[in-house]
Amino acid sequence: MTRFNTPRRRHLVALAALAAGIALPGLALAQAAPWPNKPVRIVVPFAPGGTTDILARVLAPELSKTLGQSFVVDNRAGAGGNIGAEVVAKSPGDGYTLLMGTVGTHGINKSLYARLPYDPQKDFTPITLVAGVPNVMVMNTKRAQELGINSVADFVKYAKANPGKLNMASSGNGTSIHLAGELFKSRTGIFMTHIPYRGSGPAMTDMLAGAMDVMFDNLPSAMPHIQAGTLKAFAVTSAVRSSVLPDVPTVAEAARLPGFEASSWFGLLAPAGTPADVVNRLQQETAKALNLPAVKERLVAQGAIPSGNTPQDFTRQIDAEITKWAAVVKASGARVD
């Protein structure tokens, strides 16, 4: 038995155990491989084609280049972003599953949904704000012409004369696209039927087909269609006009609604418990990517405002947004069981 217990034999057994992932008593295992050593998944909680998806697909290849592993976009649409957010909330905090969160998943839904399958503050570690964007009130151009609607004032006048005849598309219950429309309905005293989709992309398909009447879409996903002339932009929902649509008024201006503001934002989050060094590395590399001239120009041209702030700043922003949107949800009367 002695010849089977030599130092060389013990060394070979140790190497075999390490390769198999087996912990042997008294064996000092090698240090864990540095992160990342396998592909990283970015869960987008909406269908392809919307702003959340656009931002994730702009960012993923840049992170892949700098971190040496593939960053793969995984669309998990449904329930106003709650399905995808829940997937990430229940994933291991190891840095290999991330969420492209939104103002809906981490600002609005906590007040809007009676039963939320995750806690936006306790179940996540904020990494960084990727971008902020205004929403824009749009109609299919031909549909607007058919109805004789050329301005926000025309729209409100038609809606009041035809209660319930207009349909309002959104990217899902609880999204800023939905809540911007609900706030508009509440402040103007009109009624429209809300039709939620599984993302901005599918909703936009029906908008372009003329099947839907109005949408308060995120500006980046609506911008190509506004530029093409297939959508008519009536107003932006931000407090000030957008630099890429300087001739389009704010809702506050166009509808004479002082204080109206319902903008969107998008940011990276990880499951709670993700190591601080991984979170900090992701924030730093994301900030660098967003500052690349080609990336920055692309996002700004679509109406987005790139960020890349610290995890601490993003955490404070989420806390403030939850408080802010609770008041908006209450004022709008919106609720999802």
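The coordinates are above.
These numbers come from a predicted model, not from an experiment.

A.B. asks: Give a description of the pattern of salt bridges that names residues and reports values.
C.D. replies: The tally for this structure, following the rule as stated, stands at 13 salt bridges. We note a salt bridge from Glu 86 to Lys 90, for which the minimum N-O separation is 2.6 Å. For the salt bridge of Glu 253 with Arg 241, the shortest nitrogen-to-oxygen distance reads 3.0 Å. Here Glu 253 is found in helix 10 (residues 251-254), whereas its partner Arg 241 is found in the loop between strand 9 (231-236) and helix 10, with 12 residues between them in sequence.

A.B. asks: Before we move on, could you go through the packing of aromatic side chains and cite the residues and values that matter?
C.D. replies: One pass over the full model with this rule turns up 5 aromatic pairs. Aromatic pair Tyr 118 and Phe 124: ring centres 5.8 Å apart, planes at 85°, arrangement edge-to-face. Exposure class is identical for Tyr 118 and Phe 124. Each is buried. Measuring from centroid to centroid gives 5.3 Å for Phe 184 and Phe 216, while their planes differ by 50°, and the two rings are tilted. Pair noted here: Phe 184 is in helix 7 (residues 176-188) and Phe 216 is in strand 8 (residues 214-218), with a separation of 32 residues, a long-range link. Of the two residues, Phe 184 and Phe 216, both sit in the buried class. These aromatic residues form a ring-pair network of at least three members: Phe 155, Phe 184 and Phe 216.

A.B. asks: So what's going on with the sheet that holds strand 10 (residues 264-271)? Residues and values would help.
C.D. replies: Spatially, the 6 strands line up as an open sheet ordered 2-1-3-10-4-11, and their pairing is mixed. Strands at the two margins of the open sheet, each flanked by one partner only, are strand 2 (71-75) and strand 11 (305-306). As defined by bridge partners, strand 3 (residues 97-102) adjoins strand 10 across 4 bridges and the pair is classed as antiparallel. Looking at strand 10, one finds that Gly 101 is bridged to Gly 267.

A.B. asks: Can you break down unusual backbone geometry residue by residue, with the values?
C.D. replies: A cis amide bond links Trp 35 with the next residue in sequence, Pro 36, at an omega value of -10°. Despite not being glycine, Ala 79 shows a phi value in the positive range, around 55°. Checked against the element boundaries, Ala 79 lands in the loop between strand 2 and helix 3 (82-89). Its identity is not glycine, yet Arg 256 carries a phi of approximately 55°, on the positive side. With a relative accessible area of 77%, Arg 256 lands in the exposed category.

A.B. asks: I'd like a description of the nonpolar core, backed by residues and values.
C.D. replies: One finds Phe 155 and Phe 184 to be the most contacted residues of the largest nonpolar core, which totals 48 residues. Counting residues per element, this core draws most heavily on helix 13 (residues 311-332), at 6 residues. Setting aside chain neighbours within four positions, we find Phe 184 in contact with Met 137, Val 152, Phe 155, Val 156, Ile 190, Met 192, Phe 216, Val 251, Ala 255 and Phe 260. If you look at the next biggest cluster of nonpolar residues, it comprises 32 residues, including Leu 55, Leu 59, Leu 98 and Val 130.

A.B. asks: Give me the lowdown on the sheet that holds strand 7 (residues 193-196), citing residues and values where you can.
C.D. replies: The 5 strands are arranged 7-6-8-5-9 in an open sheet whose pairing can be described as mixed. With one partner strand each, in any of the chains shown, strand 7 and strand 9 form the two edges of the open sheet. Averaged over all adjacent pairs, the angle separating strand axes in this sheet is 30°, with direction ignored. Strand contacts of helix 7: strand 5 (135-140), strand 6 (167-170), strand 7 and strand 8, with the helix running at about 130° to strand 8, the strand carrying the most contacts.

Cut-offs used in this document
Residues numbered from 1 in each chain as written. Predicted model: local features only at pLDDT ≥ 70, side-chain atom pairs only at ≥ 80, totals over all residues. Heavy atoms only, no water. Salt bridge = Lys/Arg side-chain N within 4 Å of Asp/Glu carboxyl O. Helix = DSSP H or I, 4+ residues; strand = E, 2+ residues; numbered from the N terminus. Phe/Tyr/Trp six-rings, centres within 6.5 Å; stacked < 30°, edge-to-face > 60°. Buried < 20%, exposed > 50% of the residue type's maximum accessible area, 1.4 Å probe, protein only. Pairing = 2+ DSSP bridges. Core = buried A, V, L, I, M, F, W, Y, C linked by side-chain atoms within 4.5 Å. Contact = heavy atoms within 4.5 Å. Axes fitted to C-alpha atoms, helices over the stretch in contact; angles between N-to-C directions.

Limitation: the analysis is restricted to geometry and does not speak to function.
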